[in-house]
Amino acid sequence: SVPKFKLNNGMEIPAIGLGTWQSKSDEVIAAVSHALKEGYRHIDCAWGYGNEKDVGEGIKQSGIPRSEIWITSKLWGTYHSRVEECLDQTLTNLGVDYLDLYLVHWPVPMNPKGNHPVFPLLPNGKRDVDHSWKLSDTWKQMEDMVKKGKVKAIGISNFSVKKMEEILPTAEIIPATNQLELHPYNPQHELVAYLKEKGIVPQAYSPLGSTGSPLLKDEVIVEIAQKHSIQPADVILGWLVSKGIVALPKSVTPARITSNLNGTIAGVSKLDKDDIAKIDGLAAAGKQKRFIMPPWPVDLGFDNWPPF
Ligand code: A2P
């Protein structure tokens, strides 16, 4: 069965979930339904992905009861001052009356009255960031959603230590998770260690390196896969879960959806200390690479992120 990790509020999150970013509307219904029928119990969504209605339809079509599924969604940047409004839209889109986990998608509030509801832009073409809004006030509204019973847990996404320090001193509820780009080429060892120390569970998005990733062809990953007669994806996902990191592989391909679940479990049981150490060292050995770097005109406080 799928391993679970205990969160700082006592809840248990399934260590593998289906990612839905970049899953097209017409494909994601079948993908979500297939995943749930194959044993996934965790779906990762976001208002900003624009496909929550279809994710909701997939959940419905699976026939799996809501109470058995872990559903995560995320607050979009133009809603930092209107958390409940964004959350209510998500609940309606998904056709559910609560979320298991609600995350602040990016530590970047955007102008709610800008020239576009999703990506407001300034005349100079840069994203219209609301520099006066405090993340600690976003977090207060997130906490209110727990108190109202609309979400069971709250967390953050794409928060560096620098950004976490803007909310932790005044937080009543410590974030349950921090969802980050985590994979062998961007392991963020120090940040992950910081999260462990604070009792915040790391979640990995783009765990396979996103679309067209070179990770699945990496010679060290391929060699470890061959050694254990498993797939390269199983090695990467197994490595993450062995380290206590929730893995959120995205796929709309039924065979891959199935193999990513069973393969992670195989990976966790087969990888030895030597394998883990080799994968841990890949980035430092010259392969460091971030695949996802939206052009936020803000210092996010991450290494290896160029200024925009
Ligand atoms: P697709 O959705 O067409 O199946 P990530 O989770 O890192 O964002 O990676 C997602 C990308 O990797 C997608 O392009 C997805 O393609 C592909 N993918 C997902 N699972 C596998 C797998 N087991 N083997 C190869 N490619 C995969």
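Residues numbered from 1 in each chain as written. Predicted model: local features only at pLDDT ≥ 70, side-chain atom pairs only at ≥ 80, totals over all residues.

- As annotated in an unreviewed UniProt entry, the protein carries the name Aldo/keto reductase and comes from Dendrothele bispora.

Description of the overall build of the protein
Next up, step 1: Of regular secondary structure, the protein possesses 11 helices and 10 strands.
Next up, step 2: The C-alpha atoms of the protein give 19 Å as radius of gyration, which agrees with the globular expectation for 308 residues (19 Å, within 12%).
Next up, step 3: When its C-alpha atoms are laid out on the principal axes, the protein stretches across 55 × 45 × 35 Å.
Next up, step 4: Relative to its 308 residues, the protein shows a buried fraction of 48%.
Next up, step 5: By sequence separation, contacts in the protein at least 24 residues apart represent 74% of the contacts at least 6 residues apart. (Helix = DSSP H or I, 4+ residues; strand = E, 2+ residues; numbered from the N terminus. Rg over C-alpha atoms; globule rule 2.2 N^0.38 Å. Buried ≥ 20, exposed ≤ 12 C-beta atoms within 10 Å, placed from the backbone. Contact = placed C-beta atoms within 7 Å.)

Observations concerning helix 2 (residues 52–62)
Next up, step 1: Most of helix 2 is tucked away, with 8 of its 11 residues classed as buried.
Next up, step 2: Among the residues making up helix 2, those that are buried are Glu52, Asp54, Val55, Gly56, Glu57, Gly58, Ile59 and Ser62.
Next up, step 3: Elements in contact with the buried residues of helix 2: helix 1 (25–37), strand 4 (42–44) and helix 3 (83–94).
Next up, step 4: Immediately beyond the C-terminal end of helix 2, within one or two residues, lies Gly63, with a positive phi of roughly 80 degrees.

Some thoughts on the environment of Ala277
Next up, step 1: As for its position among the elements, Ala277 is in helix 10 (residues 273–280).
Next up, step 2: For the pair Ala277 and Trp239, spaced 38 residues apart in the sequence, the C-alpha separation amounts to 9.8 Å.

A word on the UniProt feature "binding site: substrate" (unreviewed entry) in the protein
Next up, step 1: Per the UniProt record, "binding site: substrate" (unreviewed entry) is found at His105.
Next up, step 2: Turning to its location among the elements, His105 is positioned in the loop between strand 6 (99–104) and helix 4 (135–147).
Next up, step 3: The contacts of His105, once residues within four sequence positions are left out, are Ala46, Gly48, Lys74, Leu75, Trp76, Gly77 and Ser157. (UniProt positions renumbered as here; feature names shortened; annotations may be inferred.)

So, the site of the ligand
Next up, step 1: Around the ligand sit 17 residues in total, of which Leu208, Ala233, Lys250, Ser251 and Thr253 are the nearest.
Next up, step 2: When the residues that make up the shell around the ligand are grouped by side-chain class, the tally is 6 nonpolar, 9 polar and 2 charged. (Near = placed C-beta within 6 Å. Nonpolar A, V, L, I, M, F, W, Y, C, P; charged D, E, K, R; others polar.)

Details of the sheet that holds strand 8 (residues 177–181)
Next up, step 1: Here we have 8 strands laid out as an open sheet, ordered 3-4-5-6-7-8-9-10, and parallel in their pairing. Of all the strands in the sheet, just strand 3 (18–19) and strand 10 (246–247) have a single pairing partner and so form its edges.
Next up, step 2: As paired elements, strand 5 (residues 70–75) and strand 6 share 4 bridges and run parallel to each other. Bridge pairing links Ser73 to Tyr102 in strand 6. (Pairing = 2+ DSSP bridges.)

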